[in-house]
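# Results of the structural survey
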Amino acid sequence: MRPKRRRLWAVVAGLGALGAAAALVLAAFEDNIVFFRSPSEVASNSLPTERRFRLGGLVETGSLRKAGDGVTVTFRVTDLAHAVPVSYRGLLPDLFREGQGVVAEGQLDANGIFQASQILAKHDETYMPREVAEALRKGGHWKGEGEGQ
Amino acid sequence: MHRFANPARFARLSARALPWAWAVAGLALGSGLVGGLLLAPADYQQGDSVRIMFVHVPSAWMAMFVYAFMAAASAVGLIWRHALADIAAKAAAPLGAGFTFAALATGSLWGQPMWGTWWVWDARLTSVLVLFFLYLGYIALWQAIEDPGKAARAAAILALVGVVNLPIIKFSVDWWNTLHQPASVLRLAGPTIHSSMLWPLLLMAVGFKAYFVAVLLLRMHAELNWRRIRALRLTAGESTDSSHGFATLPAERASL
């Protein structure tokens, strides 16, 4: 029985040490693991803004404008505390609309406008049929992603 | 536990369980596919693209479940030296790799229309890719070491080291911001999927699991038979001349 006990404790201790090591590494690299930055982080000037980064948040309702050339759009990305103006020229994903989650990759220009080279749509974990979404909205119980469907 | 570790008893019991596993897999996958692809409604914002979920989500669940199973079997094999546990872990690995690949591939096909990209290096996608490589490394390690006992021990240690990745995958969407959505079903506050879409998803999950059980049992049988052949060849090789008598046995490599 003794060698089995010993092996059992060796495995348990090994896993514990490994877990602790992994937790420390992940905590140390947290800044590099996050996929995008929030408008609040941009506002607090904690980012090296001369570098490219990803900006994530919601497309602010009422901020979406199409430029005269028909392919450039401007909008504001908000986390409901701060907002950053974004300009983008190109195709938008299907889910892109006001009120929707969005991740923009690009760089801040001299005027503080985020010049995006890629726009990705982010959606939340809610799934339901259209009729249910309509009914919930009408009842005022829920204000879902994407203002107009 | 020990009673089931007897190979002869395992062969008997698993032969009886196998048709049931196939039946459950067939029924659940059949009804789940009809439910998911035909009966379930389109999503309010994703439309019909949401139907990829009925393959993607069960694949991803199985990718993690099979790894947990493999690691648990490896631990039992390592600590209590049950050959059957080693065999179970070895037999599960290619299945887990297959489920992981399916999750990655269907996720990519889903990401392109919804997110606007096939792939991003966010924490969820990257950690699942690491899981896929862990499976491949585990399989390669078994192939690289000839002695089954030594191979089992080395592979078991690799499997246990990789366990640290499982909570990272599960909680990556909560610990860091990612492009991937947070959990919709396995969350504390209850599912955020409407019941009309949830039941086909759960049926598919049952089907995937039953399929895994069925193929796992078959693969374990094959491995046990191969080991029996190997043992027979070794004893025969000791008593007779090695130039005859073995040509009728299947080649070792082919039966792997």
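Predicted model, so just to flag it, every value in this text is computed and none were measured.

Looking only at helices and strands, chain B features eight helices and zero strands. For chain B, the N- to C-terminal ordering of α and β elements is α-α-α-α-α-α-α-α. Over its C-alpha atoms, taken along the principal directions, chain B stretches across nearly 75 × 35 × 35 Å. Sorting the 256 residues of chain B into buried and exposed places 36% on the buried side. The long-range share in chain B, meaning contacts at least 24 apart out of those at least 6 apart in sequence, stands at 74%.

A rise of 1.5 Å per residue sets the reference length of helix H1 (residues 2–28) of chain A, with its 27 residues, at 39 Å; its end C-alpha atoms lie 39 Å apart and thus fit the reference within 8%. Where burial is concerned, little of H1 of chain A is hidden: zero out of the 27 residues are buried.

Attention now goes to the domain arrangement of chain A. Domain annotation of chain A identifies domain 1 (2–31) and domain 2 (35–139). Computed over C-alpha atoms, the centres of domain 1 of chain A and domain 2 of chain A are 40 Å apart.

Moving on to the interface of chain B and chain A. Every contact between the two is made by 36 residues of chain B and, on the other side, 34 residues of chain A. Breaking the side of chain B that touches chain A down by element, the ones donating at least two residues are helix H2 (53–80), helix H3 (83–114), helix H5 (148–162) and helix H7 (195–239) of chain B. A per-element tally of the side of chain B that touches chain A places H2 of chain B first, with four residues. Residues of the side of chain B that touches chain A, tallied by class, amount to 23 nonpolar, eleven polar and two charged.

Now for the pairing of strand E6 (residues 114–122) of chain A. All names here are of chain A. Two elements, strand E4 (residues 83–89) and E6, share three bridges in a ladder whose sense is parallel. Residue pairing for E6: Val-86 is matched across the bridge by Phe-114. Connecting strand E5 (residues 101–108) to the next strand, E6, in antiparallel fashion are five residues, including Gly-112 with a positive phi near 80°.

Take the packing of H2 of chain B against H3 of chain B next. All names here are of chain B. Running from N to C, H2 and H3 cross one another at 155°; their axes reach a closest spacing of 7 Å. Overall, the two elements H2 and H3 adopt an arrangement that is roughly antiparallel. Like other packed secondary-structure pairs, H2 and H3 cross with a definite hand, here left-handed. Among the residues forming the contact of H2 with H3, the class breakdown is 20 nonpolar, eight polar and one charged.

A few words now on the environment of Gly-106 of chain A. Residues and elements named next belong to chain A. Its place among the elements puts Gly-106 in strand E5. Here Gly-106 falls in the partly exposed class, since 19 other C-beta atoms lie within 10 Å of it. The spatial distance from the C-alpha of Gly-106 to the C-alpha of Arg-7 is 52 Å, given a sequence separation of 99 residues.

It is worth spelling out H2 of chain B at this point. Because the α-helix completes a turn every 3.6 residues, residues three or four places apart line up on one side. All names here are of chain B. Taking 1.5 Å per residue as the helical rise, H2 with its 28 residues ought to reach 40 Å, and the 40 Å between its terminal C-alpha atoms agrees with that figure. Buried residues dominate H2, accounting for 21 of its 28 residues. After H2 finishes, the residue Arg-81 shows a positive phi value of roughly 55°.

What follows covers unusual backbone geometry. Phi is mostly negative for residues that are not glycine, and the peptide bonds are mostly trans. One non-glycine residue, Leu-80 of chain A, adopts positive backbone phi at about 75°. Residue placement: Leu-80 of chain A occurs in the loop between strand E3 (72–78) and E4. Phi is positive for Arg-81 of chain B, close to 55°, though the residue is something other than glycine.

All names here are of chain B. Within the secondary structure layout, Ser-127 lies in helix H4 (residues 123–144). Assessed through the 20 C-beta atoms surrounding it within 10 Å, Ser-127 is described here as buried. Taking the C-alpha atoms as reference points, Ser-127 and Phe-99, separated by 28 residues in sequence, lie 15 Å from one another. Beyond its immediate sequence surroundings of up to four residues, Ser-127 is in contact with Asn-165, Ile-168, Ile-169 and Ser-172.

Bringing the nonpolar core into the picture now. Formed by 90 residues in total, the largest nonpolar core has its most connected members in Ala-104 of chain A together with Ala-63, Val-66, Met-70, Ala-89 and Ala-92 of chain B. Ranked by the residues each element gives to this core, the list is headed by H2 of chain B, at 16 residues. The contact partners of Ala-92 of chain B, leaving out residues within four places of it in the chain, are Val-66, Phe-69, Met-70, Ala-73 and Leu-216 of chain B.

Looking now at the pairing of E4 of chain A. Residues and elements named next belong to chain A. Side-chain alternation along E4 places Val-84, Val-86 and Tyr-88 on a buried face and Ala-83, Pro-85, Ser-87 and Arg-89 on a face that remains uncovered. Of the strand pairs in this sheet, E3 and E4 are connected by seven bridges, and their pairing is antiparallel. What sits directly across from Thr-72, in E4, is Arg-89. Where E3 folds back on E4, the antiparallel hairpin that results is connected by four residues, among which Leu-80 adopts a positive phi of roughly 75°.

So, how was this worked out
- Residues numbered from 1 in each chain as written.
- Chains lettered and ligands numbered in written order.
- Predicted model: local features only at pLDDT ≥ 70, side-chain atom pairs only at ≥ 80, totals over all residues.
- Helix = DSSP H or I, 4+ residues; strand = E, 2+ residues; numbered from the N terminus.
- Buried ≥ 20, exposed ≤ 12 C-beta atoms within 10 Å, placed from the backbone.
- Contact = placed C-beta atoms within 7 Å.
- Expected span 1.5 Å × (residues − 1).
- Domains from an automatic or database assignment.
- Nonpolar A, V, L, I, M, F, W, Y, C, P; charged D, E, K, R; others polar.
- Pairing = 2+ DSSP bridges.
- Axes fitted to C-alpha atoms, helices over the stretch in contact; angles between N-to-C directions.
- Parallel < 35°, antiparallel > 145°, perpendicular 65-115°, else oblique.
- Left-handed = near helix turned anticlockwise from the far one by under 90°.
- Core = buried A, V, L, I, M, F, W, Y, C linked by C-beta atoms within 7 Å.

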